[in-house]
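Per-entry structural report
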Amino acid sequence: MDSDRLISETPVILGIETSCDETAAAVVQGWRKILGNVVVSQEIHAEWGGVVPELASREHLKLTLPSIRQAMSTAGVAWKDLDGIAVTRGPGLIGALLVGLSVAKALSLGTGLPLIGVNHLEGHLFSLLLEDPEWSPPYLVLIASGGHTEIHMVEDLGVYRRLGSTVDDAAGEAFDKIGVLLGLDYPAGSHLDSLAESAESGALRFPVAQVDGPGHNFSFSGLKTAVMTHWRGIPEDERASQRGSVAQGFQRAAVQALVEGMEAALDETGAPRFGVTGGVASNRELRRQLTELARRRGVDVAFPSPRLCTDNAAMIAAAGAFHLTNGQRDGLDMDADSSLRLPSQSFTASIEDTPGGKA
Ligand code: KG4
Ligand code: ZN
């Protein structure tokens, strides 16, 4: 295949995502239309109470090629139907990233298809476009997952303003640690959510951190310590009866921090809509409060479905389609970058938001 061939208006992109503990492959047309989307959540980490990087890499080695085959088969595409291969180059676990990157490079070399390295965080910003054909910039995004807690303003596709991020733990990480402390299975966020929902509404309050300095930043480590100290002060024979109220108190403070951050970001930007992505976006209390915030402000809010909220390759392919259309081609010397950030930046966009159409 000729690597200089004309890229179509609606490029068909194979996306590969292996930055943490999801092995994912997808085929997307433009940045609106999903043709095939496979996500395998690695279950091997549950017994260790957290993601074990070496195990994640080994699982990616086993699962990446079968996931690609399945995504292409669901999409009904062959190599000749593709216009490019997009792959997450960071941030994430270095060994895990390198598996996806090596596979993508080998496939690019073997097929002649252009290679496009994608920032995982930018992928999350594109996930909003994949489900709602009317969704378009400008919009705010809260990314709240096990690895990230950030707010970005999407002024336009490729034009981002970073408004804040966590200065220590990610929101999901705090849910996991407190959940495990309360005896819940890892990953504990959804279990903690259920425990808090089923508990009688209590009055237990924990501090919500205010982070000094510019930006709407978050901190969850003080909250975590406050909850741990409280929990350890409860006599062992009373803990079972207090688990629900502690879960609820923790969740209340964590959610309040996220909602206040979004409120400040709405004030600053005047954005007409915002979206919430990452595993924590499933949290029921967070959804209720952000829905209420949107109603109060008269702005639109979107919670993409779980398959697009958690790590997935469709969002990587969508961001890859945008950059390919804007001329990005990466060489085989492209490196993984485990601590890649998404600072305020502008990629030169020379096209309208049309590829993929209003699917
Ligand atoms: O985006 P994601 O699937 O992937 C990674 O970050 O790897 O996010 C997973 C995170 C975990 O920390 C999990 O405990 C948390 O999202 N999570 C939740 C809920 N569902 C998943 N946290 C709070 N409430 C939930 N309902
Ligand atoms: Zn993610």
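These numbers were taken from a predicted model, which means no experiment stands behind them.

Once that is clear, we can look at the pattern of salt bridges. All told, the structure shown has 16 salt bridges when counted by the stated rule. Between Glu 54 and Arg 58 there is a salt bridge; the shortest N-O distance is 3.0 Å. Taken together, the positions of Glu 54 and Arg 58, both in helix H1 (residues 53–75) and four residues apart, correspond to about one turn of that helix. Each of the salt bridges in this network shares a partner with another, and the network as a whole consists of Asp 169, Glu 173, Lys 177 and Lys 224.

Time to look at the coordination of the zinc ion (ligand 2). Around the zinc ion (ligand 2), the donor atoms from the protein are His 120 (NE2), His 124 (NE2) and Asp 311 (OD), and they sit 2.1 Å away. Along the chain, the residues donating to the zinc ion (ligand 2) are arranged with the sequence spacing H-x3-H-x186-D. Of this pair, His 120 and His 124 both sit in helix H3 (residues 120–127), separated by four residues, roughly a single helical turn. No difference in accessibility class separates His 120 from His 124, as the two residues are buried.

What follows covers the site of ligand 1. Taken together, 19 residues surround ligand 1, and among them Gly 146, Asp 176, Gly 189, Asp 193 and Gly 279 come closest. In this structure, an oxygen atom belonging to ligand 1 sits 2.6 Å away from a side-chain N or O atom of Asp 176. Interatomic distance of 2.9 Å between a side-chain N/O atom of Asp 193 and a nitrogen atom of ligand 1. Within the complex, 88% of the 560 Å² of free accessible area of ligand 1 lies under protein. Looking at the shell around ligand 1, the elements with two or more residues in it are helix H4 (171–181) and helix H5 (189–198). In terms of residue class, the shell around ligand 1 is made up of three nonpolar, 11 polar and five charged. Two domains each donate at least three residues to the shell around ligand 1, and these are domain 1 (3–131 + 311–325) and domain 2 (139–303).

Turning to the packing of H5 against helix H8 (residues 284–297), a few remarks are in order. In contact at an axis separation of 9 Å, H5 and H8 are set at 75° when each is read in the N-to-C sense. Classed by the angle they form, the pair H5 and H8 counts as roughly perpendicular. Contact residues: H5 offers Ser 190, Asp 193, Ser 194 and Glu 197, while H8 offers Arg 284, Glu 285 and Arg 288. Here the residues of the contact of H5 with H8 sort into no nonpolar, two polar and five charged.

Under the domain assignment, the chain is made up of domain 1 (3–131 + 311–325) and domain 2 (139–303). The straight-line distance from the C-alpha centre of domain 1 to that of domain 2 is 28 Å. The partner domain 2 presents 15 residues to the 17 residues of domain 1 that form the contact. Carbon and sulfur atoms supply 75% of the area that domain 1 and domain 2 bury against each other, a total of about 1400 Å² over both sides.

Criteria and thresholds
- Residues numbered from 1 in each chain as written.
- Chains lettered and ligands numbered in written order.
- Predicted model: local features only at pLDDT ≥ 70, side-chain atom pairs only at ≥ 80, totals over all residues.
- Heavy atoms only, no water.
- Salt bridge = Lys/Arg side-chain N within 4 Å of Asp/Glu carboxyl O.
- Helix = DSSP H or I, 4+ residues; strand = E, 2+ residues; numbered from the N terminus.
- Donors = N, O, S within 2.8 Å, 3.2 Å for Na, K, Ca; no water.
- Buried < 20%, exposed > 50% of the residue type's maximum accessible area, 1.4 Å probe, protein only.
- Near = heavy atom within 4 Å.
- Polar contact = N/O pair within 3.5 Å; in protein donor to acceptor, adjacent residues only side chain to side chain.
- Areas by Shrake-Rupley, 256 points an atom, 1.4 Å probe, with all protein chains shown as cover.
- Nonpolar A, V, L, I, M, F, W, Y, C, P; charged D, E, K, R; others polar.
- Domains from an automatic or database assignment.
- Axes fitted to C-alpha atoms, helices over the stretch in contact; angles between N-to-C directions.
- Parallel < 35°, antiparallel > 145°, perpendicular 65-115°, else oblique.
- Contact = heavy atoms within 4.5 Å.
- Buried area = accessible area lost by both parts, 1.4 Å probe.

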